[in-house]
Amino acid sequence: MRAAKVVAREEAMARRARADAAGAGQALAAHVLRDAPPPSGAVVAGFWPMGHEIDIRPLMRALEARGHRLCLPRTPKRGLPLDFRAFAFGDELVKGPVGTRQPAEDAPPCVPDWLIVPLLAFDRAGRRLGYGGGYYDRTLAGLPGAGTLGVAYACQEMDVVPSGPHDAPLGAVATEAGVMWFRKGSSG
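Our subject in this report is the structure included herewith. (Residues numbered from 1 in each chain as written. Predicted model: local features only at pLDDT ≥ 70, side-chain atom pairs only at ≥ 80, totals over all residues. Heavy atoms only, no water.)

**As for the side chain of K5**
The cut-off we apply is this: Helix and strand assignments come from DSSP, with helices taken as H or I runs of at least 4 residues and strands as E runs of at least 2, each series counted from the N terminus. Residue contacts are defined here by distance: any two heavy atoms, one from each residue, within 4.5 Å place the two residues in contact.
Its place among the elements puts K5 in helix α1 (residues 2-17). Among residues more than four places away in sequence, those in contact with K5 are L129, P162, S163, G164 and D167.

**Quick look at the packing of aromatic side chains**
Each aromatic ring pair is characterised by the separation of its centres together with the angle its planes make. We count it as follows: Within 6.5 Å between ring centres, the rings of Phe, Tyr and Trp (the latter by its six-membered ring) count as paired, and their orientation is classed by plane angle as stacked under 30 degrees, edge-to-face over 60, tilted in between. Burial classes: relative accessible area under 20% of the type maximum marks a residue as buried, over 50% as exposed, and values in between as partly exposed (1.4 Å probe, protein chains only). Geometrically, a lysine NZ or arginine CZ counts as sitting over a ring once it is within 6 Å of the ring centre and also within 35 degrees of the ring normal.
What the rule picks out here adds up to three aromatic pairs. Look at W48 and F87: their rings are 5.8 Å apart centre to centre, the planes differ by 70°, and that puts the pair in the edge-to-face class. With W48 in the loop between β1 (44-45) and α3 (57-65) and F87 in strand β3 (residues 83-87), the pair connects residues that are 39 residues apart, well separated along the chain. A relative accessible area of 5% places F87 in the buried class. Measuring from ring centre to ring centre gives 5.2 Å for F87 and F89, while their planes differ by 70°; the resulting arrangement is edge-to-face. Put simply, the rings of W48, F87 and F89 touch in pairs and so form one group of aromatic residues. The lysine or arginine in question, R138, covers the ring of Y135, its NZ or CZ lying 5.3 Å from the ring centre.

**Here's the deal with the sheet that holds strand β2 (residues 70-74)**
For the record, the criterion: Strand pairing is defined by DSSP finding a minimum of two bridges between the two strands. To get an axis, a line is fitted to the C-alpha atoms, and for a helix only the part in contact is used. The angle between two axes follows their N-to-C directions and goes from 0 to 180 degrees.
What the seven strands build is an open sheet, ordered β3-β2-β1-β6-β9-β10-β11; its pairing is mixed. Strands at the two margins of the open sheet, each flanked by one partner only, are β3 and β11 (178-181). Pairing between β2 and β3: five bridges, direction antiparallel. Bridge pairing links P73 to F84 in β3. The sheet strands contacting helix α2 (residues 24-35) are β6 (114-118), β9 (147-151), β10 (172-175) and β11, and the helix crosses β11 at an angle near 50°.

**What about the nonpolar core?**
Inclusion rule: The set of buried Ala, Val, Leu, Ile, Met, Phe, Trp, Tyr and Cys residues whose side-chain atoms join them within 4.5 Å is what this entry labels a nonpolar core.
Ranked by internal contacts, the top residues of the largest apolar core, which has 50 residues, are L59, M60, L63, W114, L115, I116 and V151. Considering each element in turn, this core owes the most residues, five residues, to α2. The contacts of L63, once residues within four sequence positions are left out, are L33, P38, V44, H68, L70, W114 and I116. Counting seven residues, the second-largest nonpolar core is a separate cluster that includes A12, A121, L129 and M158.

**Some points on the environment of V94**
Positionally, V94 belongs in strand β4 (residues 93-95). Residue class for V94 comes out partly exposed when judged on its relative accessible area of 29%. When the C-alpha atoms of V94 and G150 are compared, they prove to be 24 Å apart, with 56 residues separating the residues in sequence.

See the structure below:
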């Protein structure tokens, strides 16, 4: 399984690097707001995009404008779930591990109801391939009632994502091309 995931990650990163990013974040936001918005009043966990990740900031700004409280993860030591902290646009972010940007340690703790989840690859069964640290899998296991929306470029879809028993499936994935649902009701 480990070797299959390594190969899949390499392929997914190459696909993502070739994606046309122009306007993709705005298109993704429009699809989510129309077809898969979080429930009214939900606390939404996003992430600050890095590298070639699809830019979810247009979506996060729109959700903030609709009155959703936002939070971002702080990356803990390996083996622990993510630590979410309150975030609003204009707040200062600090450098985190492996090129991440995150709220300062003294930002108020926050428990999300609905999570926007980064990924390297996904398939039509709702399986997600992450970066390999297991942070989101551990986090989602501790938030069983939370909605999940993976976000990626459409080119990051694979026929089958290698998956093990601890890999948390997603409720839906949004791309610049639209929203794909995997488990009825789990994203909203």
